[in-house]
Each structure stands twice: as C-alpha cells, then as structure tokens.
Amino acid sequence: MAFPHRPDAPELPDFSMLKRLARDQLIYLLEQLPGKKDLFIEADLMSPLDRIANVSILKQHEVDKLYKVENKPAVSSSEQLCFLVRPRIKNMRYIANLVNADKLAGRTRKYKVIFSPQKFYACEMVLEEEGIYGDVSCDEWAFSLLPLDVDLLSMELPEFFRDYFLEGDQRWINTVAQALHLLSTLYGPFPNCYGIGRCAKMSHELWRKLEEEEDGEAKGRRPEIGHIFLLDRDMDFVTALCSQVVYEGLVDDTFRIKCGSVDFGPEVTSSDKSLKVLLNAEDKVFNEIRNEHFSNVFGFLSQKARNLQTQYDRRRGMDIKQMKNFVSQELKGLKQEHRLLSLHIGACESIMKKKTKQDFQELIKTEHALLEGFNIRESTSYIEEHIDRQVSPIESLRLMCLLSITENGLIPKDYRSLKTQYLQSYGPEHLLTFSNLRRAGLLTEQAPGDTLTAVESKVSKLVTDKAAGKITDAFSSLAKRSNFRAISKKLNLIPRVDGEYDLKVPRDMAYVFSGAYVPLSCRVIEQVLERRSWQGLDEVVRLLNCSELAFSGMTKEEKASSESLRLILVVFLGGCTFSEISALRFLGREKGYRFIFLTTAVTNSARLLEAMSEVKA
Amino acid sequence: MAVVAPSPRDPGGRKRKCGPGTRLRRCLLSAAQQPPAPAMDCYTANWNPLGDSAFYRKYELYSMDWDLKEELRDCLVAAAPYGGPIALLRNPWRKEKPASVRPVLEIYSASGMPLASLLWKSGPVVSLGWSAEEELLCVQEDGVVLVYGLHGDFRRHFSMGNEVLQNRVLDARIFHTEFGSGVAILTGAHRFTLSANVGDLKLRRMPEVPGLQSAPSCWTTLCQDRVAHILLAVGPDLYLLDHAACSAVTPPGLAPGVSSFLQMAVSFTYRHLALFTDTGYIWMGTASLKEKLCEFNCNIRAPPKQMVWCSRPRSKERAVVVAWERRLMVVGDAPESIQFVLDEDSYLVPELDGVRIFSRSTHEFLHEVPVASEEIFKIASMAPGALLLEAQKEYEKESQKADEYLREIQELGQLTQAVQQCIEAAGHEHQPDMQKSLLRAASFGKCFLDRFPPDSFVRMCQDLRVLNAVRDYHIGIPLTYSQYKQLTIQVLLDRLVLRRLYPLAIQICEYLRLPEVQGVSRILAHWACYKVQQKDVSDEDVARAINQKLGDTPGVSYSDIAARAYGCGRTELAIKLLEYEPRSGEQVPLLLKMKRSKLALSKAIESGDTDLVFTVLLHLKNELNRGDFFMTLRNQPMALSLYRQFCKHQELETLKDLYNQDDNHQELGSFHIRASYAAEEV
C-alpha cells in the first residue's frame, strides 16, 4: 500500500557520518577538560545530544553528573564545570551568576563553556561585562546538522524563525552557510543550485564565499547530490498554517514530535506509562504510513493487523523444527511489529478522539474555503465563533492568519473586530503578539494603498547608498502583500475537483491536504526543477515579492552522474512541515527523484505561532 | 640580452635611473666577463696540492665592476657569507684625515653591482657587519648599533648599554649563532659586552679579565653549546670569558717561545681555532682548546692582515688561509704551504666550504677540491667517474674506445657509482660548460643502467640551473652547491626578494614547481608590499598594478599589503587595496584601525558575519557619541536589529532610547507593555 520507490530511484547518501563527526568532536572537547566534571546542558540541546551521544558515552569521558541549565542555582560539587549551551545571552548570565557566586564564596573551579553550533561575539562580550571572561574557557561544538531520518537533516534551531523573520537578526545565516559548506565538503559540490528568498540568497552568498576561501580541496570530488534548493519560510506561510492530515504531520500536530521522537501518553500506549518512540524509517510500520492521508491509515493498519495474525497463525500447522525456526527467526520481528502496530493504532484512536471533539471536519472545511477563496464571510464568522468558544488561542490565531494571508490582509473593519474579540476572549496580553504578527506579515490589515509608499519614499530619501534598496525591501516585507490568490491561480494550487478526490491513489501533491491544495513551496520546487531554472516563472517570483531574490546557479559539471542528478537537497530556512516533506516524497516517487530535506527545525502551525507569541504558555 | 629584457629588479616595469651609457658598458663588460671555456687538458692546472691528499683550487667568480676610488685598506669592509653583499664605509674616522668630510656608506653585490650609497650622517663607526637576515649592522663608537637594509634603508637602531656609551667602543665583532646574529663589543675599559641575538636584544656584560691593562692583541667570539664565549689573547696568555668567569687557557702542544698572539681565527662552524703567534708559528686545533690538529711555521713575523679557515664540511682536511699585504698562504697539515701572490689589496670572506677573496678588480673563490671532482679529474685517475667521462667523450667522437671504457666500468660493477660521481662533481663545478659535460657523461652512463632512480640527476640539473641563474653577474650571489643546500631554496628565495629580484624569484618558483602558497604568492605579496612604498606613483595606479599582478592568486593576503600601505601612511591606498580582499574578516579590523569605522560597518554588514558587525558596533559605540551612534545605526537596518537584540537582553534603557530616537511609537508602546508585564511577575 505504501508506495514503493521507483526502481531507478537513486540511493541516499549516508548521513550517519554527520553523527559520528559531531560525536567525535564533542568527545574531543570533553577530553580537553581532563578529569571528572559536571555537565550542564541547555534544555534545547538535550534531545539532539541524546541522538548523538548517550549518557554512557558521556560517562566514559568522565562526565560525572548531568544538569539542566535553568534559572536555579546549581548544587554541583564538582571541581570542574562544563556548560553545553546555545549561544544566548540568557545562558551567559546564568553562567556568570554561577561563577560570580563561586567567587563570592571564595571557591575556584574550572569552567568551560561549549557553544553549539557556534560562539557569538555578543556572548563573549557579556562574559566580559560580567567580569568572568578570564575565568572560563570557551569552545565551539560545530554541531549544526542532526540527521533525524535517512532523508531529513535538522539544524534544531527553532529560534531561527523568530530571530530572522521577526527580529531581523541575521546571525544564524552564518551557521546555515557553515552547515552547507560541511555538506559540500562531505558529499561533494552541488552542480545545480536554486533558491528563493532573502535569507536563502544571503546564505547562498556566504556559503559560496566559504567555498571560495577554501577551494582546492573540494575540487575534483564527484558530486553526490545533484541539486540544492534553498527556500525561505516567509515565501510560503500558507502551507505551514494549514492543518496537517498526513499521518506524520498529524502526529506532530497532536503529540508534537520532538527531535524525531514522540512521547505517547497513557491514552495511546493503553498502559499507565507514557512511552518515548523514535519515529523514523527504521520503524517499519510507521515508514509505511507516515506519508499516507489519515483516512487511509486505519484501513492500512487493520489490514496489517490481519496479515500479522495470519503470520502468527502459521505456527499452528508447524512441526517442531519449523517451530524452532519460527521462534528463533521470525517471532522477534513479528513481536516488534505487533508492538509498533498496536502503538500506532492507539495513536490513531487518540487522534480521532481529539479531532472529533474539536469538530475537525468543520475546521478543515473552513480552511479549504479560505484556500479556495469563497464564502469568506462564512469563514470569518466561523473564526469569530472559534474565538468566542475559546477553543484554543493558537488555533484561533492560526485561522486569522490564514484568512489574512489568503485575503491579502484583512480589511480594517474585520481586523479591528477580530482583534478586539480575540483580546477579549483570550486576554489583552496577546496585544504584543498581534504587533509581532503584523511585523512578520502573518496577520495584516489592508492598508489604503498610499501609506506604504509614503513610508518607503521617506526612507529612501533618508538613505542614499546601497542600503537604500535593502531598507525598502525590508519595509515592504513588513507589510508584504501575500498575493496568495494570484499565485494560486498562476501555479494552479487548487486542483479542479471532478468528483471525489481519490486519496488512496493520489494524483498530485494535493493529497497531503485532502486534495484541496497543493503546497505552494512544493509546487515552486517542482516547477523550478522541471525548468532547471526560474525561467518562465518571473510572474510568480514577482508575486512572491522576491523579484531580486530568486537565483539559480549552474556549474558545468560533467562529472555528475545521472544518479546524483536525481538527488535533490531542499533547504528550508525557517522550518518545514511534515506535510511538505510528504508532498515532496510523493513528487520524488512520481518523477524518480529522491529529496533530502535540510531544515532549521521541523515546524508546524502551532510552533510557528508560538514563536510569534509574546505570551508564555 | 640584458639591454632588451626588463631589468631583473624591476617587476613593475619602472625605468631604472641610469643612463643608457652605463647600461651599455655593463653589458659589454658582462659579455667580456665570460672566460673562454676551459681546455680539458689543463683542467687541473689551477689545482695546488697541500700535502699528499688534498688539492686546493682558486678560481675567479667575477671581475669586479666597482669604481672604487680608494683602496680597500682605507675602508671598513664587511661582506656577508653565502655570497652576500659587501658593505664599504669609505673614509672612516682616521686621525690623519680631516673630519669635515662626511664618509659614504656603499653597498655592493658580490659581483660589484652597486646596491646603495648613502652619506654617513651619524657618529663614527667602529665596525660593520651583516646579520643572518642580510641587514647591515653598523657599530658606532658610542655603542649605538644602526641597522640598515640591503638597499641602504634605515631599519632601526639599538644601544649596547650605558657602560659601552661611557667607555666608547674600541673594537666590535658581528658573529652568527644558531639564534641569529650577535654583536660583541670591546670597550675602552677593556671589558666585553655581547648580545647573542640582535633580534631579541639581551645585553650580557662579560666578567673582567684580571690585570688587563691594555687592549688584547687579538680576540674572537666562540660559540659552544649554544652559548657565546670570548677568547682573547694578552701577551703570551689566552683567556676564555663566559658568563660567569674568566679562565686562563693554554692550547695543547703549543710550541714554546711565544710571547704574543697576533691573530686568531675560528672556523665557520665554530669547531676549529687557529692561532698565529709573533714567531710566525700557526697553531691549529679544536675550538674547545682540548686537541691540537696540526701546526705550521711560516717564518713570517709580520702580523697577517687576515686569517680565516678554509675547510669543507665533512672533510678531514684542515687548512687556514693567511693573508698579508701581498701574500696569501694556505697552510694545513703538511710541511709545505701553498702560496699565492696578491697583486692588490684583498679581503677574505670565510664561507662554509671555502674562502672568497675579493679585491678592486677580481672576486675569487678558494676551496679544497671536493672528492668527486678530485677522483674524476685527477691526472691518471682510474675512478669510475673518470672512466665514464672519458667514455662519453669517446662516444661523441664516435670512437669504439667508448665501449672499452664502459665495459671496464661495468666489469667492476661500478657504473652506478660512476654516474653518481659525475652528478656530484657537476654540482661542484662553477663553469656551466664543465657542468654540462659531466651531466652529459652521467646521462650517458644512466642509459646502461636498468634501474637508476632519475631524481638525483633531475634534481641536480634543476639545482644547477637555479645556481647558474643566481650566480649571474647581474644577480651576484656566488653560491656553491654545498652553500645552497645549507641555505635551502626558501632562504635563497627570501634573499632574492630582499634584493627585489621578484621576477627571477618567481621564475625559480615556477621552474622548481614550488607550491603556489609557499612560492609565487609569497613573492608576489612581498613585491606588492614593496610596491606600496613607491610614493611617486598614484594610489590608483599602485592598486591597479597590484591587483593586475596578484589577481586571485591563492595565499595572497591583500589585507597584509594594505596594512603595509597604511604603515607607510597611505590610508587611501590601503582602503583601495582592501577592496580586493575577499575575506571581510580581514578587512574590518584594519579599517577600524584606520578609523574608517563607518566603512568597516558597511563592509561587515556586506559580509553577513554578525560577529563582525558586532565588533564594529561596539567599537562605534565607544567612538561616537550616543546621538551619532544611533544615527549610524538608523542607516543600517541589519546592525540596528542586531543591536536591538543585544539591548533587549542587556540594556533595556538603551533600547527605549533607540525607539525614542527613531520616533518608533509602536515599538515604544510595545516596550512599555512588555515592561509592565515583566514588572507584574515580580
């Protein structure tokens, strides 16, 4: 039932090398501080670290106790403290407090701060300001790529989204460029390169610079991956805001997949314990259903259960020898499969229960109406009802954003009324969130045409140099028009439905949204790959507000094998959703490509909006 | 010919400031310089036997083209080893001369090409000497040492201490140790002060010599176990000075009746010592004064002008060259000595494997004939190499004797050895013709060998080509093969760069296929650093010329060149050069140093490296007043957002000011809301 790959699909490169590399580097850094030491780990780094090096490896390298970096005084008694943190000012203050407390108590210990994935000057500055720069030694753990699955690499930088798209902070771009550089040194140069978006362009330029500085070594390597496609998240917010209905996406929306694994609570495991499950291609059952539309999953699972039963049943007519064989060889696999099967059935049930309670059908219907752009008034009143019933602050916000983007901004009357209702329903503290959303272009008010240009011209008068263009760009992104309707028409994102869309045998990528909508990001990738450039897509690019930010580069690389040319690395800057991954996997199967995904973090609508939110959950 | 080709020290195509006449003359001279190819039969004519086992030969390196107005004896002379330059300070402060005339310091290459000439404006000079980096050290009477470059450019100066200043300098020596170059000084109070490395100046005052009333008759520096000592002779006594003590020493086996030592010489490697006494007796032994090697009585009581060692590394022969006004004598472990007549004032320069002797008209090299050459060329030699050379000659004459000779070698199974001998001997030959015929013989012999690794032959050919190039009259670095090997190609390249012979250096790099980063790029970078010092060329032209030559050569750092330009006070040029620097990380610090903070900021932003932007921001924050700082930020949205992020965590009040300044009411409002929420939590 799960679609097999075409027989000519290329093999994926082996990304486990990245894990080994990161582990060896970490061990090296730990060994730099010989002797017993306590390790303080930032909460965000715990799950990624777990995928790289487990506790026993850490213990082998004389890590005594593990602590979480949180705003509580540490009770460690070790003489050597090692901090493994993201380069954040908050963390620096935590460390500074700890060191200064020790100083006050007249205690001298050895401190080592390991920044991952890199160290920022601002952090060192804070350490200096706090007067402890000389007391700590700083190191970098260049761990920027975590292979979550055979075809999915994550940088595990969820803050990238807020930092770049809201605050305009570009410091992570360097990290992205470094990661791309690492990939190209390990897996050969990328002969074809495409990208869209400001961040994509900057990352690409920075990455190129890195390559140039270090060329000579990489030369002569056979490229393993034929194409690379860089994509900014802000180019397509719609897809990220839609409810996911593919199994993996749904699991993510419901249970939150964290760093490739999910915590199934008691309601799923049908026991009193919750269970942490790794979700990747190694889970055979999951691998077959992850990309399926949810409506198919139940049928598949019950079929699978029946198969399993017949497998079990085979033992009835066995003689002793066969039985021995069965027990020693097959039983373990069957048991494992059994366990996974019951787990996923439990998950499905749990999802079903939750979704029926939330009136999921109605919600999906509204979303589709928004995407197609009809019955706007009806949808608006649905959203109002949603707000008034206080279903969920994030969900309500999501629908509002979806409405705003698909409608090219809310008309002022609606904006005001929805905002007022929202604030009254969920509390005035969300006021700041609204200003953030407006800044990011997620929830905007239709402005009377002239105001924006007035601001722009004012700015351009102020600034005369090169930066002027950048500023106007930045401003236009503040109140960016989404032009979703026009793009949708241009790229045919809403498939014409004649009769029922067969979700069992999908025809196009729209299946990931029940056949109602082809993800914009994926469609763009499809179109560009078909043309091998942006040629003929000028109008789309213009509508995406990326007129100068779409680029493609091709090196005449005769050495690239036809196999490698069908491997495509898609880089999502600002996160991608499981729906997009599923859609592209589908596209790959159809066209004989294999996609590899590199994302700053796996995201979904809830994470996206929480990142924008000023209210702490 | 040299007239047509651009001058070697002139990569930028700048015209040299000499008239066509001089050039033509030089050209004619250099043509006349080529001595006729040596006739084979009298090849050993200039070989002089010393004892039974060794031959010494003296051959001409150059005929000197310097128009010395005065005799060498009227000048302070210093010549650097390894075929280095010669410095002459004319008209030193002699009592009989009028002090009103300012002396002239002149620097020539070993072939007599003038490199620099400057009027000496400082105090009286006692001694001159070259450091290992080919910098000229001039020791003044007041103990100040002035350091000049090869082209007469003043580098720096340092003083040898107060004690020296008070008592004046009587005598000074520049010596070379494994750390670098040292200076030893004898003061008017008959005390010694020395520094073992002028690069890292540490003055050391040596202990007093008991009962020393007058200046020692002769003294020298010794270097043993990485420590510099001083050996001095007072009357019949010898004293060794080290850091702690002064001890009297006696050379073992010294002939009786010595009442004074007139001259002493220490070998190039500090291993051997020779003493010349007032009885015309020469004692030769180890520098540790523990062992006597040999002695010789020349029966000349006049003090020699110079005495230097002439030995080859790894040779058993020891010989000392002693020079008087008109006589040159090579003495060693043999009853007879070799005598040469000196027609003119000459000056001896000890080298690693021989002695260079230059005078007004010629520059010669005297050395022990190396074993390989001796075996091949010795009369009636039956060494395999000699037979091979003969065989090859017969082969060229199409005579069947070639086969006979070859068989003879092959029967003895010595063909490999023969080829090796010929290759080695070729290295020690000065004349290209001779080198060629030896190499031809080697290559001829190689044909009859199955598995002879070709690299020694190839390398020798390459090395000889390089050596012949640098020995050229215009370059004037008369290196021998052993010196070249000791010096290494890297140092040779450095010396060429020092002489501003960039094209030749690059050609050598390309010829030897040295890796670009070590070779060509480094030289180009040096050239560029020199180019930026040419003040008469406009900034645009210099920048363009540099970029044209350097392009994107790997390993060239434009920021280094720019730093040099900035060091010369050419800020505009530095900025232009920085434009070519691809790494912003290198541009920004220099721009900050040049106080172009705003340019640095935009460069940092262009680079996309936020750390760099931050560095500049903090610099700006300290440099500008708050208002200007905010105004600068306003024009740079990226820097602004970065700074806002920082302020959010560290300096909330600044953030408020920033919003205030920008009239950003929306953000200001948000700021206050946020602040109020934060306050509630407390």
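Definitions and limits used
- Residues numbered from 1 in each chain as written.
- Chains lettered and ligands numbered in written order.
- Predicted model: local features only at pLDDT ≥ 70, side-chain atom pairs only at ≥ 80, totals over all residues.
- Heavy atoms only, no water.
- UniProt positions renumbered as here; feature names shortened; annotations may be inferred.
- Helix = DSSP H or I, 4+ residues; strand = E, 2+ residues; numbered from the N terminus.
- Buried < 20%, exposed > 50% of the residue type's maximum accessible area, 1.4 Å probe, protein only.
- Contact = heavy atoms within 4.5 Å.
- Salt bridge = Lys/Arg side-chain N within 4 Å of Asp/Glu carboxyl O.
- Expected span 1.5 Å × (residues − 1).
- Bend = angle between axes of the 7 residues up to and from the residue.
- Pairing = 2+ DSSP bridges.
- Axes fitted to C-alpha atoms, helices over the stretch in contact; angles between N-to-C directions.
- Arc of directions from axis to C-beta.
- Buried area = accessible area lost by both parts, 1.4 Å probe.
- Polar contact = N/O pair within 3.5 Å; in protein donor to acceptor, adjacent residues only side chain to side chain.

As recorded by an unreviewed UniProt entry, chain B carries the name Vacuolar protein sorting-associated protein 16 homolog and is attributed to Hipposideros armiger. The UniProt entry for chain B carries this comment under Sequence similarities (unreviewed entry): "Belongs to the VPS16 family."

For chain A, an unreviewed UniProt entry supplies the name Vacuolar protein sorting-associated protein 33B and the organism Hipposideros armiger. Under the heading Sequence similarities (unreviewed entry), UniProt records this for chain A: "Belongs to the STXBP/unc-18/SEC1 family."

Undergrad: Go over the overall build of chain A, please, and point to the residues and values.
TA: Of the regular secondary structure elements, chain A holds 26 helices and 14 strands. When the 617 residues of chain A are sorted by exposure, 56% land in the buried category. At a minimum sequence separation of 6, the contacts of chain A that also span at least 24 residues come to 78%.

Undergrad: Summarise the pattern of salt bridges; cite the residues concerned and give the values.
TA: As enumerated under the stated definition, the model contains 66 salt bridges over all chains in all. As a salt-bridge pair, Arg 109 of chain A and Asp 102 of chain A come within 2.7 Å of each other at their nearest N and O atoms. The burial state of Arg 109 of chain A is the same as that of Asp 102 of chain A; both residues are buried. Residue Arg 459 of chain B pairs with Asp 455 of chain B through a salt bridge whose shortest N-O separation is 3.6 Å. Residue Arg 459 of chain B and its partner Asp 455 of chain B are both found in helix α8 (residues 455-471); the two are separated by four residues, about one turn of the helix. We classify Arg 459 of chain B as partly exposed; its relative accessible area is 43%. For Asp 455 of chain B, a relative accessible area of 41% corresponds to the partly exposed category.

Undergrad: Give a description of the UniProt feature "coiled-coil region" (unreviewed entry) in chain B that names residues and reports values.
TA: Mapped onto the present numbering, the UniProt feature "coiled-coil region" (unreviewed entry) falls on residues 388-415 of chain B. Annotated as residues 388-415 of chain B, this span is 79% helix and 0% strand, and its ends, taken at the C-alpha atoms, are 8 Å apart.

Undergrad: With reference to specific residues and values, describe helix α14 (residues 320-357) of chain A.
TA: All names here are of chain A. Between its first and last C-alpha atoms α14 spans 51 Å; for 38 residues at 1.5 Å apiece the expected length is 56 Å, and the two agree. The largest bend along α14 reaches roughly 50° and is located at Glu 330. At the C-terminal side of α14, Asp 359 shows a positive phi close to 60°.

Undergrad: Just give me the short version of the sheet that holds strand β1 (residues 47-50) of chain B, but keep the residues and values in it.
TA: All names here are of chain B. Taken together, five strands build an open sheet; the order of strands is β1-β2-β29-β28-β27 and the sheet is antiparallel. Only two strands of the sheet have a single neighbouring strand rather than two, namely β1 and β27 (346-351). Looking at each pair of strands side by side, their axes are set apart by 25° on average, direction ignored. With four bridges connecting them, β1 and strand β2 (residues 54-63) associate as antiparallel partners. Following the sheet pairing, Trp 47 is matched in β2 by Arg 57.

Undergrad: Give me the lowdown on the side chain of Gln 140 of chain B, citing residues and values where you can.
TA: Assignment of secondary structure puts Gln 140 of chain B in strand β8 (residues 136-140). Ignoring any residue separated from it by four or fewer positions in sequence, one finds Gln 140 of chain B in contact with Trp 120, Ser 122, Gly 123, Pro 124, Val 125, Val 126, Leu 146 and Val 169 of chain B.

Undergrad: Now, about the sheet that holds strand β20 (residues 272-277) of chain B: what can you tell me, with residues and values included?
TA: Hydrogen bonds along the backbone pair up the strands of a sheet, which may run parallel or antiparallel. All names here are of chain B. Spatially, four strands are ordered β19-β20-β21-β22 in an open sheet, and the strand pairing comes out antiparallel. Only two strands of the sheet have a single neighbouring strand rather than two, namely β19 (261-266) and β22 (292-297). Here the strands of the sheet are splayed against their neighbours by 15° on average, with no regard to which way each runs. Pairing of β19 with β20, which is carried by five bridges, proceeds in the antiparallel orientation. Bridge pairing in β20 places Val 266 opposite Leu 273.

Undergrad: Summarise helix α5 (residues 401-412) of chain B; cite the residues concerned and give the values.
TA: Residues and elements named next belong to chain B. In this model, α5 (12 residues) spans 17 Å end to end at C-alpha, consistent with the 16 Å of a helix rising 1.5 Å per residue. If you check which residues of α5 are buried, you get Ala 402, Leu 406 and Ile 409. Looking straight down α5, one finds its buried side chains confined to an arc of 60°; they lie on one side. Along α5, exposed side chains directed more than 90 degrees from the buried face belong to Glu 411 and Leu 412.

Undergrad: Before we move on, can you summarise the interface of chain A and chain B with the specific residues and values?
TA: With 32 residues of chain A in contact, the opposing surface of chain B contributes 31 residues. Of the roughly 2700 Å² buried where chain A meets chain B, counting both sides, 52% is carbon and sulfur surface. Taken together, chain A and chain B are joined by two salt bridges. In this assembly, chain A and chain B are joined by six residue pairs in polar contact (both at pLDDT 80 or more). At the level of elements, α4 (89-104), α5 (121-129), α7 (171-187), α8 (198-213), α19 (431-440) and α21 (467-478) of chain A are the ones that each hand at least two residues to the side of chain A that touches chain B.

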